[in-house]
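# Observations on chain architecture
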Amino acid sequence: MMKMNFDVTAKKLFGVRYERLNRTLFLDLVVFWGLHIAGFRVEIAPFILYLMAGAFSAGVMWLALSSEDNRANMENLFMLPFEGRTLVLSYVAALGAYTLFTKTAGLLAVVWAVSHWSWAEIWGSVFCALAAIVVVSCLYPLRLGCTDAYAFYIQPASRRRTVKSYRRHSVRRYLFRYLMAHKNYLVNTAAMWGVACILPVLFGEMEARFVLPIGFAILSLNTPICILLSCDLALERAVWFLPGQQKAFCVPYCLFIFLCNLAANTVFLCSWQIQLGGIAPLHVLTAVCFAWLSATGSVLLEWYCPIRGWKIESDLWHHPRKYVVPAVMLLLAGLVSMF
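Figured I'd write up the structure that's included with this text. Not measured: the values here are computed from a predicted model.

### With respect to the packing of aromatic side chains
Following the criterion strictly, the structure yields eight aromatic pairs and no others. Ring centres 6.0 Å apart and planes at 50 degrees place the aromatic pair F216 and F290 in the tilted group. Highlighted residues: F216 in helix 10 (residues 208-218) and F290 in helix 14 (residues 281-304), separated in sequence by 74 residues. F290 matches F216 in its accessibility class, with the two residues each being buried. In textbook terms, an aromatic cluster arises when at least three aromatic residues are bridged by ring pairs, as seen for F216, F268, W272 and F290.

### So, the side chain of N261
Structurally, the position occupied by N261 is in helix 13 (residues 245-275). Those residues within four positions of N261 in sequence are excluded, and the remaining contacts are L219, S220, A291, S294 and A295.

### Overview of the pattern of salt bridges
Summed over all chains, the structure comprises one salt bridge. A salt bridge links E302 to R321; the shortest N-O distance between them is 2.8 Å. In this pair, E302 is assigned in helix 14 and R321 in the loop between helix 15 (313-317) and helix 16 (324-338), connecting sequence segments 19 residues apart. Its relative accessible area of 1% is what places E302 among the buried residues.

### So, the layout of surface pockets
Quantified by volume, the largest pocket comes out at close to 1,400 Å³. F56, K103, H318, H319 and Y323 are, among the 38 residues lining the largest pocket, the residues nearest its centre. Residue assignment for the lining of the largest pocket shows that the elements contributing at least two residues are helix 2 (19-38), helix 3 (46-66), helix 5 (84-114), helix 9 (183-203) and helix 15. The biggest single contributor to the lining of the largest pocket is helix 3, with seven residues. Taken together, the residues that form the lining of the largest pocket break down as 21 nonpolar, 10 polar and seven charged.

### Concerning the environment of A263
Within the element layout of this structure, A263 appears in helix 13. In this structure A263 comes out as partly exposed when scored by relative accessible area, which is 26%. Linking A263 and W193, residues 70 residues apart in sequence, is a C-alpha distance of 8.1 Å.

### Topic: empty space enclosed by the protein
Sizing a probe to match a water molecule and rolling it over the atoms shows the empty space that remains. Inspection of every chain in the model, using the stated rule, returns two cavities of 30 Å³ or more. Of the pockets and cavities examined, the largest cavity occupies roughly 140 Å³. Along the wall of the largest cavity there are 15 residues; nearest its centre are C226, I227, S298, R321 and K322. Breaking the lining of the largest cavity down by element, the ones donating at least two residues are helix 14 and helix 16. Classifying every residue of the lining of the largest cavity by side-chain character gives eight nonpolar, four polar and three charged. Its volume calculated, the second largest cavity comes out at about 30 Å³. Around the second largest cavity, the lining residues are I44, L49, V111, S115, H116, W117 and E121. Tallied by class, the residues present in the lining of the second largest cavity amount to four nonpolar, two polar and one charged.

Calculation notes
Residues numbered from 1 in each chain as written. Predicted model: local features only at pLDDT ≥ 70, side-chain atom pairs only at ≥ 80, totals over all residues. Heavy atoms only, no water. Phe/Tyr/Trp six-rings, centres within 6.5 Å; stacked < 30°, edge-to-face > 60°. Helix = DSSP H or I, 4+ residues; strand = E, 2+ residues; numbered from the N terminus. Buried < 20%, exposed > 50% of the residue type's maximum accessible area, 1.4 Å probe, protein only. Contact = heavy atoms within 4.5 Å. Salt bridge = Lys/Arg side-chain N within 4 Å of Asp/Glu carboxyl O. 1 Å grid on protein atoms, 1.4 Å probe; cavity = no way out; pocket = protein on both sides within 12 Å on 5 of 7 lines; lining within 4 Å. Points joined across faces, edges and corners; volume = space filled by probe spheres on them. Nonpolar A, V, L, I, M, F, W, Y, C, P; charged D, E, K, R; others polar.

That is the geometry; function is a separate question.
Okay, structure coming up:
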């Protein structure tokens, strides 16, 4: 019974014949070998290595458990005869394997390739990742005050709250409701504000005109708010049926991302002014321009190149496409710094 429950979830995540797992591990091996033979090396303390492995695995595991895309899978499992402990162990084991082999393995492949390591550090980082997965699996159901199998079931948003109806549609209202229903998006935005406060400490010894554009580019890496069409196929279909889709949806959506980016850039500028000083009107104008350009690029990617073939929301958060706009912004930051 446990193997059957494990296969139901694992095949959804890895493919019917686990072909996705094999492809991911092969790509991780290619990345590791390519970086290793490049000869680039950095010093990474064991504590930092263990912290990265544990924190990253814990975050991915929590996102996997919180994904609403697992709701249908859990409903199918609940329709079968099951024993609570067996179902929980098999479900958590499948998501833990997904976290370790498709997400953490990629991070460790990069870290191990560019640093000097020993076998003790390798096993230590793997152990920290596994420990983080187990701890998150134990803490997650406690948020509902229970520890049975139903604590892992995500109820549809329509059942969690009563939504007031309106005569006219409003994209801004939808975006607000979406954020209120997905608190992890708000947490990620708050984390970006925390990064904005720390960046002046990291860049303090460099001139503002060189590093401020780089900081604006880094702060554009707010993945969740840039994947709303990719993560909601029903919304995408509804948007395509709207009259004047670009104006009806893309303009408010672009404005929404722009305000989120501008808020992070404002926190960055305020933190820089408080700690180092020297912020000029030109820097403020640069912050506005970077916020607008990154918002426009994110919306264009969502409109013309939405992400397909993902299994759970964690795939979207860690999809390589998330780096396209920040990478372009970094190149632009280099040009701006030169002139």
